[in-house]
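Fold and contact review
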Amino acid sequence: MASTDLDTLLEMGFDRPRAELAIQKKSDLTAAVGWLEEVQGMSLEEITAAEAKAEVDSNTVPADLKPGEEAKSLVCGDCGRKLRSHAQAEFHATKTGHVDFSESTEEIAPLTEEEKKAKLEELRRKLAEKRSGTSEQDKLDKKKNEDIRRKSTKETQDIKEDLKKKEQLKDAAAKRKEKQDEIAAKERIKAKIAADKEERRLRTEKEKAEREGRAPPAAQEAAILPTTSGPVASKPASAYTETRLRLQLPTGNIQKAFSVDTTLFEVASAVTRDSGLEVGSFIQNFPKKVFDAIDFGASLKELGLVPSASLIVK
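Residues numbered from 1 in each chain as written. Predicted model: local features only at pLDDT ≥ 70, side-chain atom pairs only at ≥ 80, totals over all residues. Heavy atoms only, no water.

**Digging into the overall build of the protein chain**
When helices and strands are counted, the protein chain shows seven helices and eight strands. Out of the 314 residues in the protein chain, the part that is buried amounts to 24%. If you take every contact in the protein chain between residues at least 6 apart in sequence, the share linking residues at least 24 apart comes to 56%. For the protein chain, the computed accessible surface area is about 21600 Å², with 53% contributed by carbon and sulfur atoms. (Helix = DSSP H or I, 4+ residues; strand = E, 2+ residues; numbered from the N terminus. Buried < 20%, exposed > 50% of the residue type's maximum accessible area, 1.4 Å probe, protein only. Contact = heavy atoms within 4.5 Å. Areas by Shrake-Rupley, 256 points an atom, 1.4 Å probe, with all protein chains shown as cover.)

And the structure:
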């Protein structure tokens, strides 16, 4: 058999050891393909063992008839398939489990060139279908792996987004505290300046009264200036555990009760969850105040929204 027949078998998808064994055993490409089809469900070791057993059982009867030998065939009583040699019958029995064989004087005519071409085309078609099935499975496996990768990527992205939001809240809380500390420091400085000014005025008035020989004026109690910019409540915020918020949305008003320790970010999340509206800020009309992302990390108690408040959602 020409070396191009081996190349043809390899192109058809047969592995090299089986293709080389088929070339050694058969006299033409069609016979080699037919033999390979016969043993496609067997391993190379099983093929070798079956060959050895067939050789012993048939007293070394060759797989193919030699020129000049009397033509004969075997018939499988289980499926009716006609087989040229004892070796083919052995392979058929190993592959199918059929054991009922009988000799026949009917000669199995060799395939014509057209029949050989048709058989080759049929084998190529079956191999192509088999490969196509494998290709489809590969596509399904690839898609499954891609779905797993995409899900993993989304979960990782969600974790990153969650961490980013937490960092933003932390930064907002830090900026708000810094802002409050700065306002408190300015108020303390203003109070100290006012106290010093009042002290100098009283001292000047006292000295003038002494020079004029009259009683000094009574000292006026200095007004206590606020040290923070927080709203004044009727009673301490610590006395409340819950606050009621009236939230004005474009679609209407809603009222919800929250713990005083609830952050403004959690209130925004609740509004988004209930209405689907993305919240950017809250506006309080009285006293006039805008709560933006910097304030979202603070609690309702810290923002003075206790025991109740009315907010416009933006």
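**Overview of the pairing of strand E5 (residues 252–259)**
Summarising the sheet, strand E4 (residues 242–249) and E5 pair through eight bridges and their orientation is antiparallel. Its bridge partner lying in E5, Leu247 is registered against Ile254. Hairpin connection between E4 and E5: a loop of two residues separates the two successive antiparallel strands. (Pairing = 2+ DSSP bridges.)

**Some details on the sheet that holds strand E3 (residues 101–104)**
Strand order in the open sheet formed by three strands is E2-E1-E3, with antiparallel pairing between adjacent strands. Edge positions in the sheet fall to strand E2 (82–83) and E3, since each of these pairs with one other strand and no more.

**Here's the deal with the packing of helix H2 (residues 16–25) against helix H3 (residues 29–38)**
Each pair of packed helices can be summarised by the angle the axes make with each other and by the distance between the axes. Closest axis-to-axis distance for the H2/H3 pair is 9 Å, and the angle between their directions is 125 degrees. As far as their axial angle goes, H3 and H2 are oblique. Remark: the crossing between H2 and H3 carries right-handed chirality. Contacts from Arg18, Ala19, Leu21, Ala22 and Lys25 in H2 reach Ala32, Trp35 and Leu36 in H3. Here the contact of H2 with H3 is composed, by residue class, of six nonpolar, no polar and two charged. (Axes fitted to C-alpha atoms, helices over the stretch in contact; angles between N-to-C directions. Parallel < 35°, antiparallel > 145°, perpendicular 65-115°, else oblique. Left-handed = near helix turned anticlockwise from the far one by under 90°. Nonpolar A, V, L, I, M, F, W, Y, C, P; charged D, E, K, R; others polar.)

**Regarding the side chain of Gln284**
Relative to the assigned elements, Gln284 resides in strand E6 (residues 282–284). Those residues in contact with Gln284 that sit more than four places away from it in its chain are Lys289, Phe291, Leu305, Ala309, Ser310 and Leu311.

**Some words on the sheet that holds E6**
The strand order across the open sheet formed by five strands is E5-E4-E8-E6-E7, and the pairing between neighbours is mixed. The open sheet is flanked by E5 and strand E7 (289–291), the only strands paired with a single partner. This sheet shows a mean twist of 30 degrees between the axes of neighbouring strands, independent of strand direction. In terms of strand pairing, E6 meets E7 through three bridges, oriented antiparallel.

**Quick look at unusual backbone geometry**
With omega at -10 degrees, the peptide bond leading from Phe286 into Pro287 counts as cis. Tracing the sequence through the fold places Pro287 in the loop between E6 and E7. With an omega of 5 degrees, the peptide bond running from Val306 to Pro307 counts as cis. Residue placement: Pro307 occurs in the loop between E7 and strand E8 (308–313).

**Observations regarding helix H7 (residues 264–275)**
Between its first and last C-alpha atoms H7 spans 16 Å; for 12 residues at 1.5 Å apiece the expected length is 16 Å, and the two agree. When we look at burial in H7, the residues that qualify are Leu264, Val267, Ala268, Ala270 and Val271. In a view along the axis of H7, the buried residues occupy a sector of 160 degrees, so they form one face of it. Among the structural elements, E4, E5, E6, E7 and E8 are those in contact with the buried residues of H7. Count one or two residues on from H7 and you reach Gly276, which has phi positive near 80 degrees. (Expected span 1.5 Å × (residues − 1). Arc of directions from axis to C-beta.)

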